[in-house]
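Examining the three-dimensional arrangement
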Amino acid sequence: MLTSNLGYPRIGENREWKKALESFWANDTTEEQLLATMKELRLNHLRVQQEQEVDLIPVGDFTLYDHVLDMAVMFGIIPKRFLQQGDTPTLSTYFAMARGSKNAQACEMTKWYNTNYHYIVPELHDAAPRLTKNAPLEAYLEAKNELGIDGKPVILGPYSFVKLAKGYEEDKLQETIQSLLPLYIQVIQELVDAGARSIQVDEPSLVTSISAREMALVTRIYEQINEAIADAPLFLQTYFDAVTFYEEVVSLPVKGIGLDFVHGGAKNLEALRTFGFPEDKVLAAGIIDGRNIWISNLRERHELVHQLEQHVAKDRLVLQPSCSLLHVPVTTKREEKLDPTLLGVLAFANEKLTELHTLKQLAAGNEAEVKEALEANDDALAALEKSGWRSGAATSHNLENKKRPQSFNERRPVQEEKWQLPLLPTTTIGSFPQTKDVRRTRSLWRKGELSTVEYERTMKSYIEKWINIQEELGLDVLVHGEFERNDMVEFFGEKLDGFAFTANGWVQSYGSRCVKPPIIYGNVSFTEPMTVAETVYAQSLTDKPVKGMLTGPVTILNWSFVRDDLPLTVIAHQIAEALTHEVTALEEAGIEMIQIDEPAIREGLPLKAEDQQEYLDWAVSAFRASCAHVKATTQIHTHMCYSEFHEMIEAIDDLDADVISIETSRSHGEMISAFEKTTYEKGIGLGVYDIHSPRVPSEEEMLNVIRRALTVLPASLFWVNPDCGLKTRAEKETVAALKNMVAAARAAREELKTKA
Ligand code: GLN
Ligand code: ZN
């Protein structure tokens, strides 16, 4: 029995990867320096896996930004706006696609299946695919030559690649895949020629609700590959849920099939029991959770391996994590401050690989060799049980179906009366630039090098500065700026009970941006007001309304590592209950416009259509519960971004928020088209500019977005705002962009007046 890994975190134990990228982008290092650092990291990650005795070590999973972008660039799928004719892609083309450049808007970025990892969406419409290089081959040879590792190249399979891309007609799926197939075949052939003995072809889209017709198409694709290269050692890899067409998938003409026995594990296992597994294939079984940070119950996992062995011979069984370890931090080794009981039940990437090794030994009957590891596992789990952190979990029943007593149409006139806002009110999403200064202030205070009095004084000075800027800009609804927050989830988690924080538990979110998800280890509850002081201070400086700014229950849940002993709905409602206290505290302090952000509501959506409604029901219920008790005049806002929200407009409507702001510009206006088909009759602001780029959009550009939006949405309910919070931007460009935004809103108001 062999062990395998599907992907290793790129960011490095100390986020060296992030630092290298950012200093290159800031022109502090050269391209040569960047590439040298990246190579060092890449080899290091391979060495770690070698030391952990992983049998099949993935290569080519490393990237300089995103693995989907890598595939697009390898296949020459580079939108014309990034290339002068005849140009071959350079590193700056690559980063321009990811981040935008002076002349070209970045490619769209969206969430990778149901995770908080964002990939760069390939644009197929004006592409003429060609092979610009064979990146997996380069990775394979590097590992072989430098470290003597016979690695397992990882590529994103043709079906999933095209499903994740945009810019082709639905009914042209087959032709589109066909146009890429010769390139795939060449890449694979060259790998085989170079001696690769296993090639991981990721096809996570096979776990989504695909049609029988599409499944037949997938079969045809893999037959064609097989006809071109007989016996290519392909491991068709799925993850994040059970495959939809088990029998068809395991019949594909490949050497191995990778199935997730953790997420969707019950369904996969049941299918395995019912239909068996082909004798000539290898089953790569994901038996350790690659998406959460808890240690495995090794005895239980061993029992699972045992069950798998009833259907697959030992020598054709490969043990592996359920998905790439990209979704968990690198190692728990440096977590010195955590409670030992909690630390005892945590396993990040490296620790998960150790677990795999133990399970392999167990399966091989070398029980004696892993006796200590097993006992340690028993002890850690027993200690957690004994801690009592998880006992007496509140049930969610008292909050289910809570709803504001008045309908939106009843609230609307009383709110208009109260707020007296102009037509097309302008606002921002919450955060203002987190400059070096801001971050330094927070970090000095955290380290105890700055007194609380001094810290609060400085925070107030930032708030004051930005209230003044917003007033000068002429924005209608202001925000305090979120300077006290390093992260929209961590900030709340730190003040609620039931959360723990790692020192170094970083995970890549998009590009060089990493997040450090809190750990919900026990029951969540409210302890003290979290946002009232800053918001009230901001409000004291202006006559314009200041929006209170909270993170919603579903986002807090989805962006945390969550205890795995309770249904998610119970935890979501626990968080919602805690937030009700904060909402009340704000309202009592006179803050009666409150934004409850839910940018992550979409990513929790199950991948299979049949599971989605249940999720939406409890997610919507948790959001509504957090603010159901406010006065009719209190205006509840929410905000969402960087997901395919156009598919869930009904659920968004059900949230019953008075105003929603949604990112629109980064996704090139897709949301606007969505409203051609559905009506939306509550307050809504579609982001009029992308905030990921330092580029300052012109007034005309934003006016055009507003004009387009007003063809599908009523002007009387429309708001003007950027796509998302501005914390990653510099001050100068923020002010310049907002100035143009306010001018665009004014121009649009004028146009409406003349029309009327
Ligand atoms: N209020 C948050 C901010 O402006 C929202 C961030 C987000 O949507 N991710 O930063
Ligand atoms: Zn956002």
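Throughout what follows, the structure given in this document is the object of discussion. Because the structure is predicted, anything quoted here is derived from the model rather than measured.

This paragraph deals with the overall build of the protein. Scanning the protein from terminus to terminus reveals 26 helices and 21 strands. Its C-alpha atoms give the protein a radius of gyration of 26 Å, within 12% of the compact-globule value 27 Å for 756 residues. Here the protein holds 756 residues, and the buried ones make up 61% of them. Pairs at least 24 apart in sequence give 79% of the contacts found in the protein among residues at least 6 apart. Split by element, the accessible area of the protein, about 29400 Å² in all, is 48% carbon and sulfur. The positive charge centre, built from 79 side chains, and the negative charge centre, built from 112, are 4 Å apart in the protein.

Before going further, it helps to spend a moment on the pattern of salt bridges. Applying the stated criterion across every chain, the model contains 41 salt bridges. Residues Glu-490 and Lys-516 are paired through a salt bridge, measuring 3.2 Å at the closest nitrogen-oxygen approach. Of this pair, Glu-490 sits in helix α18 (residues 490-495) while Lys-516 sits in the loop between β13 (513-515) and β14 (519-525); the two residues are 26 residues apart in sequence, bridging distant segments of the chain. Lys-516 shares its class with Glu-490; the two are buried. We note a salt bridge from Asp-690 to Arg-666, for which the minimum N-O separation is 4.0 Å. Note that Asp-690 is positioned in the loop between β20 (683-686) and α25 (699-710) and Arg-666 in the loop between β19 (659-662) and α24 (670-677), a separation of 24 residues in sequence. Taking the relative accessible area as the measure of exposure, Arg-666 reaches 2% and is therefore buried. Residues participating in the shared-partner salt-bridge network are Glu-108, Lys-166, Glu-644 and Glu-670.

With that out of the way, let us pick up the coordination of the zinc ion (ligand 2). Around the zinc ion (ligand 2), the protein contributes the donor atoms His-639 (NE2), Cys-641 (SG) and Cys-724 (SG), which lie 2.1 to 2.3 Å from the metal centre. Of note is the zinc ion (ligand 2), whose 4 donor atoms meet at the metal with angles of 93 to 123° in an arrangement that counts as tetrahedral. Look at where the donors of the zinc ion (ligand 2) fall in the sequence and you get H-x1-C-x82-C. Across this residue pair, the class does not change: His-639 and Cys-641 are buried.

Bringing unusual backbone geometry into the picture now. Unusually for a residue other than glycine, Asp-231 sits at a positive phi of about 55°. Take Asp-231: it is sitting in the loop between α8 (212-228) and β7 (234-237). On the accessibility criterion, Asp-231 (69% relative accessible area) is exposed. With a phi close to 55°, Tyr-642 is a non-glycine residue in the positive phi region.

Every one of the 13 residues lining ligand 1 counts as a neighbour, but Ser-431, Glu-482, Asp-597, His-639 and Gly-725 are closest to it. Contacts to ligand 1 include Ile-429, whose backbone N or O atom sits 3.1 Å from a nitrogen atom. The contact in question runs from an oxygen atom of ligand 1 to an N or O atom on the side chain of His-639, over 3.0 Å. A class-by-class count of the residues in the shell around ligand 1 yields 6 nonpolar, 4 polar and 3 charged.

Take helix α4 (residues 91-99) next. The buried fraction of α4 is high, at 7 of 9 residues. Within α4, the full set of buried residues consists of Leu-91, Thr-93, Tyr-94, Phe-95, Ala-96, Met-97 and Ala-98. Downstream of α4 by a residue or two, Gly-100 has a phi angle that is positive, lying close to 85°.

Within the fold, Leu-717 resides in the loop between α25 and β21 (718-719). Residue Leu-717 is classed as buried on the basis of its relative accessible area, which comes to 9%. Between the C-alpha atom of Leu-717 and that of Gly-344, which follows or precedes it by 373 residues, the distance is 52 Å. Look past the residues within four positions of Leu-717 in its chain and what remains in contact with it is Phe-408, Arg-412, Glu-681, Lys-682, Gly-683 and Ile-684.

Let's shift gears to the packing of aromatic side chains. The tally for this structure, following the rule as stated, stands at 18 aromatic pairs. With a centroid separation of 5.4 Å and 85° between ring planes, the pair formed by Trp-25 and Phe-95 is classed as edge-to-face. Here the residue Trp-25 occupies a position in helix α1 (residues 16-25), and Phe-95 occupies one in helix α4, the gap between them amounting to 70 residues. For the pair Trp-25 and Phe-95, a shared accessibility class is recorded, and that class is buried. Three or more aromatic residues joined by ring pairs make a cluster, and in this case those are Phe-24, Trp-25, Tyr-65, Tyr-94 and Phe-95. Arg-99 extends its terminal NZ or CZ atom over the ring of Trp-25, reaching a point 3.7 Å from the ring centre.

Cut-offs used in this document
- Residues numbered from 1 in each chain as written.
- Chains lettered and ligands numbered in written order.
- Predicted model: local features only at pLDDT ≥ 70, side-chain atom pairs only at ≥ 80, totals over all residues.
- Heavy atoms only, no water.
- Helix = DSSP H or I, 4+ residues; strand = E, 2+ residues; numbered from the N terminus.
- Rg over C-alpha atoms; globule rule 2.2 N^0.38 Å.
- Buried < 20%, exposed > 50% of the residue type's maximum accessible area, 1.4 Å probe, protein only.
- Contact = heavy atoms within 4.5 Å.
- Areas by Shrake-Rupley, 256 points an atom, 1.4 Å probe, with all protein chains shown as cover.
- Lys, Arg positive; Asp, Glu negative; His and termini not counted.
- Charge placed at Lys NZ, Arg CZ, Asp CG, Glu CD.
- Salt bridge = Lys/Arg side-chain N within 4 Å of Asp/Glu carboxyl O.
- Donors = N, O, S within 2.8 Å, 3.2 Å for Na, K, Ca; no water.
- Tetrahedral: all angles 85-135°; square planar, octahedral: opposite > 155°, others 65-115°.
- Near = heavy atom within 4 Å.
- Polar contact = N/O pair within 3.5 Å; in protein donor to acceptor, adjacent residues only side chain to side chain.
- Nonpolar A, V, L, I, M, F, W, Y, C, P; charged D, E, K, R; others polar.
- Phe/Tyr/Trp six-rings, centres within 6.5 Å; stacked < 30°, edge-to-face > 60°.
- Lys NZ or Arg CZ within 6 Å of the ring centre and 35° of its normal.

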